[in-house]
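Now for the letters of each chain:
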Amino acid sequence: MPSRPDLEITSPANPRLKQLVALRRRRARDEAGVTVVEGFEELGLALDAGVRPRTLFYAPELMLDADEQLRLVDDVRASGVETVRVSRAAFEKVAYREGPDGFLALVPAVRAGLADLDLPAEPLLLVCEGLEKPGNLGAMLRTADAAGVDAVIAVDPVTDWGNPNVVRGSKGTVFSVPVASATLDATLGWLRAHGIRLVATTPDTETLHTDADLTGAVAIAVGTEKFGLTDEALRAADVRVRIPMHGSVNSLNASAAGAIVVYEAVRQRGS
């Protein structure tokens, strides 16, 4: 497909930039069916995962190494994707982060249905119930990607997978790790139908995470930092586990807790 010529935007008041700013709202993203990916590294991971952008906005003045990084723009343009060159002032108006690096792309919304998950025979899953902070959900995804988790399920999420801070917090791994969003009832029913045991993390149990059997088909569930998992999720669990705490607090950051138990599962499954 022949390359399309660049458009160029220099004015921060350009209508297309106003549309980009509007996508900070979840409703606008849902209506448009898009996810915003900001950052050279994040975009590279999305491309490696097979994501095809709808539009790439770029600002050479903000790039850390324009001579090298413009090659990515050329590759994206050569694939038939619209590329839009943006002035520094205009890009800084639409950037989500402080200190932007000159890359922002609109990509199709992340598919996030339980029915879309394609799992191996004995999957290792991470279930996050009610997480409020997009950065925590993003950190969970980075853990899942690093540990080889087969999917991450957001139960009754406060945020969405397309939140720019989820994409940023995940370093783009939201595109490499299968994800889903569902209610707790739907998730519990889906886990039972697939023969996947639910392992709930909670301080209110005597069983250490290292003493539980985390092999086979397992879903490790983590709740909010303030309240933990809901009573319904705890009642539905096949086993409850705790992480030993030796300080004055009885809980860890949600993403840290998830990482500790996930890597114990990885250790057990590899031994």
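Residues numbered from 1 in each chain as written. Predicted model: local features only at pLDDT ≥ 70, side-chain atom pairs only at ≥ 80, totals over all residues. Heavy atoms only, no water.

Draft legend 1. Representation of the overall build of the chain within the structure. The helix and strand inventory of the chain stands at 10 helices and 11 strands. Scaling as 2.2 N^0.38, a compact globule of 271 residues should have a C-alpha radius of gyration of about 18 Å, and the chain matches this with 20 Å. Taken along its principal axes, the extent of the C-alpha atoms in the chain is 60 × 40 × 35 Å. Looking at the chain residue by residue over its 271 residues, the buried ones come to 50%. Long-range pairs, those at least 24 residues apart, make up 81% of the contacts in the chain between residues at least 6 apart in sequence. Between the mean site of the 29 positive side-chain charges and the mean site of the 37 negative ones, the chain shows a separation of 5 Å. (Helix = DSSP H or I, 4+ residues; strand = E, 2+ residues; numbered from the N terminus. Rg over C-alpha atoms; globule rule 2.2 N^0.38 Å. Buried < 20%, exposed > 50% of the residue type's maximum accessible area, 1.4 Å probe, protein only. Contact = heavy atoms within 4.5 Å. Lys, Arg positive; Asp, Glu negative; His and termini not counted. Charge placed at Lys NZ, Arg CZ, Asp CG, Glu CD.)

Draft legend 2. Quick look at the sheet that holds strand E7 (residues 151–155). In space, the six strands of this open sheet follow the order E8-E7-E6-E10-E9-E11, with parallel pairing throughout. Each of the sheet's edge strands pairs with one partner strand only, and the pair in question is strand E8 (179–182) and strand E11 (239–241). Averaged over all pairs of adjacent strands, the angle between strand axes in this sheet comes to 25°, irrespective of strand direction. (Pairing = 2+ DSSP bridges. Axes fitted to C-alpha atoms, helices over the stretch in contact; angles between N-to-C directions.)

Draft legend 3. Quick peek at unusual backbone geometry. Phi angles above zero are rare outside glycine, and Asp156 is one such case at about 45°. Following the sequence through the fold, Asp156 ends up in the loop between E7 and helix H7 (164–169). One non-glycine residue with positive phi stands out, namely Lys171, at about 60°.

Draft legend 4. Layout of helix H4 (residues 66–78). End to end, H4 covers 18 Å across 13 residues, agreeing with the expected 18 Å (1.5 Å per residue, within 8%). Taken as a whole, H4 has its buried residues at Gln69, Leu72, Val73, Val76 and Arg77. All buried residues of H4 fall inside an arc of 135° around its axis, so they share one side. Along H4, the residues that are exposed and aim more than 90 degrees away from the buried face are Asp67, Arg71 and Asp75. In this fold, the buried residues of H4 make contact with helix H3 (40–48), strand E3 (55–58), strand E4 (82–86) and strand E5 (103–108). A positive phi of about 100° marks Gly80, the residue just after H4. (Expected span 1.5 Å × (residues − 1). Arc of directions from axis to C-beta.)

Draft legend 5. Focus on H3. Glu42, Leu43, Gly44 and Ala46 are the residues of H3 that are buried. Against the buried residues of H3 lie strand E2 (34–38), E3, H4, E5 and H7. Of the residues flanking the end of H3, it is Gly50, one or two places downstream, whose phi is positive at about 95°.

Draft legend 6. Summary view of the pairing of E8. Note: E7 against E8, four bridges, orientation parallel. Paired with Ile153 across the two strands is Ala180, which belongs to E8.

Draft legend 7. Structural view of the sheet that holds E2. Pairing is mixed across the open sheet formed by five strands, whose spatial order is E1-E4-E3-E5-E2. Because the sheet does not close on itself, it has two edges, and the strands there are strand E1 (7–9) and E2. Mean inter-strand twist for the sheet, computed between neighbouring axes without regard to direction, equals 20°. Across four bridges, E3 lies against E5 in antiparallel orientation. Bridged to Thr55 within E5 is Leu106.

Draft legend 8. Fine view of the packing of aromatic side chains. Scanning all chains against the criterion turns up one aromatic pair. The ring of Tyr96 carries Arg24 above its face, with NZ or CZ at 5.2 Å from the centroid. (Phe/Tyr/Trp six-rings, centres within 6.5 Å; stacked < 30°, edge-to-face > 60°. Lys NZ or Arg CZ within 6 Å of the ring centre and 35° of its normal.)

Draft legend 9. Focus on the pattern of salt bridges. Following the criterion strictly, the structure yields 14 salt bridges and no others. For Arg77, the salt bridge identified is with Asp6, shortest N-O distance 2.8 Å. Placement of the pair is Arg77 in helix H4 and Asp6 in the segment before E1, with a sequence separation of 71 residues. When its relative accessible area of 13% is taken as the criterion, Arg77 is described as buried. By relative accessible area, which is 34% here, Asp6 ends up partly exposed. A salt bridge links Arg71 to Glu68, with the shortest nitrogen-to-oxygen separation between them at 3.4 Å. In this pair, Arg71 and Glu68 are both assigned in helix H4, three residues apart and thus about one turn of the helix distant. One salt-bridge network, held together by shared partners, links Glu38, Glu41, Glu42, Arg97 and Lys171. (Salt bridge = Lys/Arg side-chain N within 4 Å of Asp/Glu carboxyl O.)

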